[in-house]
Amino acid sequence: MLHKTRGIVFKATDYGESSVIVQLFTEKFGLQSYIINGAKKPRAKIGRNMLQPLHLLDLVVYHKNTGSVQRIAELKNSPVLQTVPYDVIKSCLAIFLNEVLYKAIRQQSADENLFDFVFSAIEWLDHQADSVANFHLLFLVHLTRYLGFYPDRNLSGNADYFDMKNGTFSKYKPDNTLYLSPPHTQNFSLLLQCGFENMQQLKLSNDERRYLLQKLLEYYALHIEGFGNVRSADVLEEVLA
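Reading the values: the criteria
Residues numbered from 1 in each chain as written. Predicted model: local features only at pLDDT ≥ 70, side-chain atom pairs only at ≥ 80, totals over all residues. Heavy atoms only, no water. UniProt positions renumbered as here; feature names shortened; annotations may be inferred. Buried < 20%, exposed > 50% of the residue type's maximum accessible area, 1.4 Å probe, protein only. Helix = DSSP H or I, 4+ residues; strand = E, 2+ residues; numbered from the N terminus. Contact = heavy atoms within 4.5 Å. Pairing = 2+ DSSP bridges. Salt bridge = Lys/Arg side-chain N within 4 Å of Asp/Glu carboxyl O.

- Named according to an unreviewed UniProt entry, the protein is DNA repair protein RecO originating from Mucilaginibacter sabulilitoris.
- A UniProt comment under Function (unreviewed entry) is attached to the protein, and it reads "Involved in DNA repair and RecF pathway recombination."

Given below as structure tokens:
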């Protein structure tokens, strides 16, 4: 049966001489794998260049509940990204966020709220003309809301510590060693209060931004089994420095 759905490219892998298997996060079916025959040929209807990380798609797909690899009837980039593929900082952000999403999202079932958040965030990044230096931090923080470990903001205004293991703020140092302490706790609390539209108001040094990124990735690793290291984080830090 044919279905219309939106999609986000996560990963494309060459298959055979001319085909590609692409993993897409779809609005209707969650994370799915699709084989695209002939994608590497010069005049392919669906070309390899249409399947770059985090490109946004309109799709018509065949879907079988019992199938491990599905097929695509129609695919187009929609909306076509105007700046992300060509801006060095934005493209590095896309590679980093793509790696995080690939590690964090594994369900083969629909989650339209999660999909809408990711899709809208990529669109926002593509349209943004001002500094995007804090974008990845905000994205990581807000993504936790949909993954099930968003921090409990009670007491965040008066807290000295953030307990990463339990996701809570406190006036007192946690019993474990996995926590933020001043002034990082206060900066993290301010981060939780920001949206993409006002992220320029959050003034962070490069060192503080780097520290918060490291701790956010540790937070993810604590709450997502098998999350591991994010290799593109080092490259992103160098670009943003």
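1. Some words on helix H4 (residues 184–193)
Piece 1. Summarising burial for H4: seven of the ten residues are buried, a large majority.
Piece 2. Buried within H4 are the following residues: His 184, Thr 185, Asn 187, Phe 188, Ser 189, Leu 191 and Leu 192.
Piece 3. Residues of H4 that are buried make contact with helix H3 (135–147), strand S6 (161–163), strand S7 (168–170), strand S8 (179–180) and helix H5 (206–223).

2. Things to note about the sheet that holds S8
Piece 1. Ordered in space as S7-S6-S8, the three strands form an open sheet in which the pairing is antiparallel. This sheet does not close on itself; its edge strands, each paired only once, are S7 and S8.
Piece 2. Looking at chain direction, S6 and S7 are connected through three bridges and run antiparallel. By the bridge assignment for S7, Tyr 161 is matched with Ser 170.

3. A closer look at the UniProt feature "domain: DNA replication/recombination mediator RecO N-terminal" (unreviewed entry) in the protein
Piece 1. Sites flagged by UniProt as "domain: DNA replication/recombination mediator RecO N-terminal" (unreviewed entry) map to residues 1–75.
Piece 2. Regarding residues 1–75, the helix share stands at 0% and the strand share at 56%, and the terminal C-alpha atoms are separated by 16 Å.

4. Notes on unusual backbone geometry
For residues besides glycine, phi is generally negative; the peptide bonds are generally trans as well.
Piece 1. Backbone torsion omega between Ser 78 and Pro 79 reads -5°, so that peptide bond is classified as cis.
Piece 2. Secondary-structure assignment places Pro 79 in the loop between strand S5 (70–77) and helix H1 (88–104).
Piece 3. Between Pro 182 and the following residue, Pro 183, the backbone shows a cis peptide bond with an omega angle of 0°.
Piece 4. Residue placement: Pro 183 occurs in the loop between S8 and H4.

5. So, the pattern of salt bridges
Piece 1. Taken as a whole, this structure holds eight salt bridges when the rule is applied.
Piece 2. When the shortest N-O distance is used, the salt bridge between Asp 14 and Lys 40 registers 4.0 Å. Residue Asp 14 is found in strand S1 (residues 2–15), and its partner Lys 40 is found in the loop between strand S3 (30–36) and strand S4 (56–62); the two are separated by 26 residues along the sequence.
Piece 3. Glu 237 is the partner of Arg 210 in a salt bridge, and the nearest nitrogen-oxygen pair spans 3.8 Å. Residue Arg 210 is located in helix H5, and its partner Glu 237 is located in helix H6 (residues 232–240); the two are separated by 27 residues in the primary sequence.
Piece 4. Here Arg 210 falls in the partly exposed class, since its relative accessible area comes to 30%.

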